[in-house]
Amino acid sequence: MSLKKKKKKEASGDILIRKFPMRLAESERKLVDRLRIESARLWNDILDLHWWLYDVYKLWTNASDKKKWFNAKSHNLHSQTIQAIIELHEETCERTKIQRYEGNKNWKYPWKYKRFFSVKYKKSALSLESNGYLKLSNGGKEKPLYVKKPKHIDFGSIKNAEIVWHQNEYWLHLGVELTKKEKVTGKNNAGGDLGIIHAITLSNGKNHLIITGKELRSLHRFRNKTLAKLQKKISKKQKGSNARYKLILRKRRFLEKMERKIEYIEHCISKQVVNWCEENQIKTLFIGTPEGIQRGTKKKRKTRKIQSQQLSNWSFGRLTKLITYKLKLIGTEVLVQEESYTSATCPKCGTYTKQSSRKFNCSCGEKGHRDVVGAINILDKGLNGEITKGRNLPKIENTKYRRVNLVPIAKSKKYKLTVA
């Protein structure tokens, strides 16, 4: 790589995806439907060309060859949309090639035909109108699509766009380039203990942060109760009737609304984790994985239904992914650590004592917070490979609590975030 390209790459910022629901009229919805079908036809033609050349001539196609075959004349799409789909296929093939070379034979090259495909737009296919609307060009044979630009996003920072079907409606995904965040310069390590009552507990041995999951639990419980009522009403209606169809639409809208709230709370929790890691200059964060808890619970037949439902609603994997990609932007590495016996093993004497509350009590007389003890044991296990003894229990004075709440704004259906 030349020096100029290196400088250009270093100067570029981080590209993040911002998601917005689209409120489309009937004509606009039909237009997007046609574009998705046409994008799927292009993807299927790319697969046909790719595999035909390989089967007959044992040749692999590249992006430049496919761009010669497919253009705006062969498909009713913008030329930049065609190029974006071709480059996506090329990128997928390259990624699969690397994975298979490293021994991951489960990875397969693109082969599946699509009925619908997301519509992609490059920067040159986007323009800003004087009335504040984004113009998404769709080629000479289709009308452009106008979408209101979000107020908090600068048009110059938008690098690409994509129309995606999700939860029974269309969403606009904007690739926005943000200024690079300052990297963490410290070399400190920390441990993170995921939970249901407390969403995550962080500790570096000296400072501790507990983020409660009260709001998440209440949202999950409300969703489960409302869903049970709706499902009971649906079961009493005749199949194919308008009343049943309306109830199904009502259920879908409710689930979509609850998913947005839950996702927003998870983003707020991950943001608090990033702020704490920046403040304490954490270079490596060990997060415990509670997969063994779920496997162990399934084996117990007498487990309470409430506990089983809480575990099934516990989206620790999604929260871990959010924390991982956000910490990567500041140069902090996230390592997943097996966490068995970490919340009930005393750091001082190394004795395992079954705990029944949030307060940690050991037979040697040591006391502390159960989740904080779990966090420092996960850190010790990540650094040394096992839980060692002879360490002091963390002091409660250095523990901070944070909670994330959704408070409705007066005379509005919108919500605002409060962090305490």
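Residues numbered from 1 in each chain as written. Predicted model: local features only at pLDDT ≥ 70, side-chain atom pairs only at ≥ 80, totals over all residues. Heavy atoms only, no water.

In the nomenclature of an unreviewed UniProt entry, the protein corresponds to Transposase from the organism Neobacillus citreus.

**So, a positive patch on the surface**
Cut-off, in case you're wondering: The patches reported here contain residues having more than 30% relative accessible area and no salt bridge. Joining distances are 9 Å for like charges and 5 Å for nonpolar side chains (Val, Leu, Ile, Met, Phe, Trp, Tyr). The protein chains shown are the only cover counted for residues, whose accessible areas, like all others here, come from Shrake-Rupley with a 1.4 Å probe. Here, a salt bridge means any side-chain nitrogen of Lys or Arg that lies within 4 Å of a carboxyl oxygen of Asp or Glu. Charge assignment: positive for Lys and Arg, negative for Asp and Glu; neither His nor the chain ends contribute. In plain terms, the charge of a residue is placed at NZ if it is Lys, CZ if Arg, CG if Asp and CD if Glu. Under the scheme used here, helices are H or I runs from DSSP no shorter than 4 residues and strands are E runs no shorter than 2 residues, and both carry numbers assigned from the N terminus. Three exposure classes are used, based on accessible area relative to the maximum for each residue type with a 1.4 Å probe and protein chains only: buried under 20%, partly exposed in between, and exposed over 50%.
A cluster of basic residues, R221, K225, K229, K232, K233, K236, K237, R250 and R253, forms a positive patch on the protein surface. Mapped onto the positive patch, the elements with two or more residues apiece are α5 (214-236) and α6 (242-279). Position of K236 relative to the elements: it lies in helix α5. With relative accessibility at 65%, the residue K236 sits in the exposed group.

**Observations concerning the sheet that holds strand β6 (residues 158-166)**
What counts, and what does not: Two strands qualify as a pair provided DSSP detects at least 2 bridges between them. An axis is simply a line fitted to the C-alpha atoms; with a helix, the fit covers only the stretch in contact. Between two such axes, the angle follows the N-to-C directions and lies from 0 to 180 degrees.
An order of β1-β7-β6-β2 is seen for the four strands of this open sheet, with the pairing classed as antiparallel. Each edge of the open sheet carries a strand with a single partner, namely β1 (14-21) and β2 (119-122). Averaged over all pairs of adjacent strands, the angle between strand axes in this sheet comes to 20°, irrespective of strand direction. Two elements, β2 and β6, share four bridges in a ladder whose sense is antiparallel. Bridge pairing links K122 to N160 in β6.

**A short note on the packing of aromatic side chains**
Basically, it comes down to this: Any two of the Phe, Tyr and Trp rings considered here, Trp counted by its six-membered ring, make a pair once their centres fall within 6.5 Å; the pair's planes then place it as stacked at under 30 degrees, edge-to-face at over 60, or tilted in between. A positively charged side chain is recorded as over a ring if its NZ (Lys) or CZ (Arg) lies within 6 Å of the ring centre. The angle to the ring normal must also be within 35 degrees.
Tallied over the full model, the rule gives nine aromatic pairs. Taking 6.1 Å as the distance between ring centres and 85° as the angle between the ring planes, the aromatic pair formed by W51 and Y54 counts as edge-to-face. Highlighted residues: W51 and Y54, both in helix α2 (residues 26-57), separated by three residues, approximately one helical turn. Taking relative accessible area as the criterion, Y54 reaches 28% and is therefore assigned partly exposed. With a centroid separation of 6.3 Å and an interplanar angle of 65°, the aromatic rings of W51 and W60 are classed as edge-to-face. These aromatic residues form a ring-pair network of at least three members: W51, Y54, W60 and Y109. Cation over ring: K58 sits above Y54, and NZ or CZ is 5.0 Å from the ring centre. Above the ring of F155, the side-chain terminus of K123 is found at 4.1 Å from the ring centroid.

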